[in-house]
Amino acid sequence: METSTEGAAADGGGEVTRTTAPSGDGYPAGAAVHAGSAQTGGAVPAEGVAAVSSVRAPSSLSPSRASDFMQCPLLYRFRVIDRLPEKPSAAATKGTLVHAVLERLFDAPAAERTAPRAKSLIPGQWDRLRESRPEVVELFADDPEGERLAAWLAEAEQLVERWFGLEDPTRLEPAERELFVEAELVSGLRLRGIIDRVDVAPTGEVRIVDYKTGKAPRPEYAEGALFQMKFYALVVWRLKGVVPRRLQLVYLGSGDVLTYDPVVADLERVERKLLALWEAIRLATETGDWRPRPTKLCGWCDHREHCPEFGGTPPPYPLAPVSGAVGSGVDTQGRMGPD
């Protein structure tokens, strides 16, 4: 669902590689990229927002919210400013469950990181997910016999098991898992997100890994899929002065591994793109002009009743015009660690 950015190999960029062979054995251990807070200037608001009277205005950018705006500015407004509720998705919830299982598996000693053990974690993680997000129970409200739930959990098991054919967790010691990262650029734009896994080789090279429970995109759409990873690479570079050696997308739905080795020019292009994107968001916030951008993805949107393209009317715009510099104005160098 990401919008394509610049070509992968343009202007000296890295090369996209796709493989179905196990990967990651060159990154078994090493010092962490460093969890824990650096200097901060105060409490951190929820993702992408900061309190403005009784409403919320954009104050930071994550890969998902950047993709929302590129897909449809009105969708971005509905999610970030209006905070309209959305129904839980079976596919997205399954992804959350699988991510939790793969994260927790590394709590076990290397020799015990087996497929049966990973699958045995699914029921407990599903219970935890239902406790933390009760709304997901709605997904199976019309399933009194539990047949759909059983099939859904079986699909999650298949995704977890497929991962073992792509990576060998007994030979990996992640430096970080589910790592919250945040950095403020010189411009004042604050970038933030959560990285699924960070591997650091004994020689110091950093690899950023992201699990995807869907299928790998066709080659012509690979760059759009890598936007999120380049976003994270930019944050790590600005925080630590280190360009990650490799970006790796692990597609559990199709059994593919997509890798990309970024260079500084890549990250500079992403930074320029994000600055232009944030300026467009700032202007839309000031004017209240959030225009819909119809695509085939509209069929999956929860907000069609509020969208003019479908005969709906957006809620009254809750923000007064704003002015000032881009960003939150908090004096910080960014951080890597718990949110």
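From a predicted model like this one, the values you see are computed outputs, not experimental measurements.

Rules behind the numbers
Residues numbered from 1 in each chain as written. Predicted model: local features only at pLDDT ≥ 70, side-chain atom pairs only at ≥ 80, totals over all residues. Heavy atoms only, no water. Helix = DSSP H or I, 4+ residues; strand = E, 2+ residues; numbered from the N terminus. Buried < 20%, exposed > 50% of the residue type's maximum accessible area, 1.4 Å probe, protein only. Contact = heavy atoms within 4.5 Å. Phe/Tyr/Trp six-rings, centres within 6.5 Å; stacked < 30°, edge-to-face > 60°. Core = buried A, V, L, I, M, F, W, Y, C linked by side-chain atoms within 4.5 Å. pLDDT = per-residue confidence, 0-100. Expected span 1.5 Å × (residues − 1). Polar contact = N/O pair within 3.5 Å; in protein donor to acceptor, adjacent residues only side chain to side chain. Salt bridge = Lys/Arg side-chain N within 4 Å of Asp/Glu carboxyl O.

**Re the overall build of the protein chain**
Part 1 of the argument: What the protein chain contains, in helices and strands, is 8 helices and 9 strands.
Part 2 of the argument: Every one of the 339 residues in the protein chain was classed for burial, and the buried ones make up 46%.
Part 3 of the argument: For the protein chain, restricting intrachain contacts to residue pairs at least 6 apart in sequence, the fraction spanning at least 24 positions comes to 75%.

**What to know about the packing of aromatic side chains**
Part 1 of the argument: Inspection of the entire model under this criterion finds 11 aromatic pairs.
Part 2 of the argument: Between the aromatic rings of Phe69 and Trp290, the centroid separation amounts to 6.2 Å while the plane-to-plane angle is 85 degrees, which identifies the pairing as edge-to-face. With Phe69 in helix 1 (residues 63-71) and Trp290 in the loop between helix 8 (264-287) and strand 9 (335-336), this pair connects stretches of sequence that are 221 residues apart. Residue Phe69 shares its accessibility class with Trp290, and that shared class is buried.

**Notes on the nonpolar core**
Part 1 of the argument: Membership of the largest hydrophobic core comes to 55 residues, with the highest contact counts inside it found for Leu61, Leu191, Ile208, Leu274, Leu277, Ile281 and Trp290.
Part 2 of the argument: With 13 residues, the top contributor of residues to this core is helix 7 (residues 222-240).

**Overview of the confidence of the model for the protein chain**
Part 1 of the argument: Counting all residues, the mean pLDDT for the protein chain is 84, and 78% of those residues have values of 70 or more.
Part 2 of the argument: Residue range residues 28-53 is modelled with pLDDT below 50. Its contacts to residues more than four positions away, or to other chains, number 77 contacts.
Part 3 of the argument: Confidence drops under a pLDDT of 50 for residues 324-333, and excluding neighbours within four residues, the segment shows 27 contacts in the predicted structure.

**A look at helix 2 (residues 73-81)**
Part 1 of the argument: For helix 2, a buried count of 8 out of 9 residues is recorded, marking the element as mostly surrounded by other parts of the structure.
Part 2 of the argument: Residues of helix 2 that are buried include every one of Pro73, Leu74, Leu75, Tyr76, Arg77, Phe78, Val80 and Ile81, and no others.
Part 3 of the argument: Residue Arg83 follows helix 2 closely and has a positive phi angle near 55 degrees.

**With respect to helix 3 (residues 90-105)**
Each α-helix winds once per 3.6 residues, and so residues spaced three or four apart point in a common direction.
Part 1 of the argument: For helix 3, with 16 residues, the first-to-last C-alpha span of 23 Å sits near the 22 Å given by 1.5 Å per residue.
Part 2 of the argument: Those residues of helix 3 that fall on the buried side of the exposure criterion are Thr93, Lys94, Gly95, Leu97, Val98, His99, Ala100, Val101, Leu102, Glu103 and Leu105.
Part 3 of the argument: The N-capping residue of helix 3, defined by a side-chain oxygen 3.3 Å from the backbone nitrogen of Ala91, is Ser89.

**Comments concerning the environment of Trp126**
Part 1 of the argument: By the element assignment, Trp126 lies in helix 5 (residues 122-132).
Part 2 of the argument: On the basis of relative accessibility, which here comes to 5%, the residue Trp126 falls in the buried class.
Part 3 of the argument: As a C-alpha pair, Trp126 and Val98 span 28 residues in sequence and 9.4 Å in three-dimensional space.
Part 4 of the argument: In this view, Trp126 contacts Thr93, Leu97, Val136, Phe140, Leu149, Trp152 and Leu153; residues no more than four positions away in its chain are not counted.

**A short note on the side chain of Asp261**
Part 1 of the argument: Mapped onto the fold, Asp261 is located in the loop between strand 8 (256-260) and helix 8.
Part 2 of the argument: Here the side chain of Asp261 touches Arg245 through a polar contact of 2.9 Å, side chain to side chain.
Part 3 of the argument: Polar contacts involving the side chain of Asp261 include one to the side chain of Arg246, which spans 2.8 Å.

**Concerning unusual backbone geometry**
Part 1 of the argument: Even without being a glycine, Arg83 presents a positive backbone phi close to 55 degrees.
Part 2 of the argument: Along the polypeptide, Arg83 turns up in the loop between helix 2 and helix 3.
Part 3 of the argument: Exposure remark for Arg83: the relative accessible area of 39% places this residue in the partly exposed category.
Part 4 of the argument: Backbone geometry places Glu178, a non-glycine residue, at a positive phi of 45 degrees.

**Let's talk about the pattern of salt bridges**
Part 1 of the argument: Taken as a whole and assessed by the stated rule, the structure comprises 30 salt bridges.
Part 2 of the argument: Residues Asp82 and Arg77 are paired through a salt bridge, measuring 2.5 Å at the closest nitrogen-oxygen approach. In this structure, Asp82 and Arg77 share a single accessibility class: buried.
Part 3 of the argument: With a shortest N-O distance of 2.8 Å, Glu167 and Arg197 are connected by a salt bridge. With Glu167 in the loop between helix 6 (147-163) and strand 4 (176-184) and Arg197 in strand 5 (residues 190-200), the pair connects residues that are 30 residues apart, well separated along the chain.

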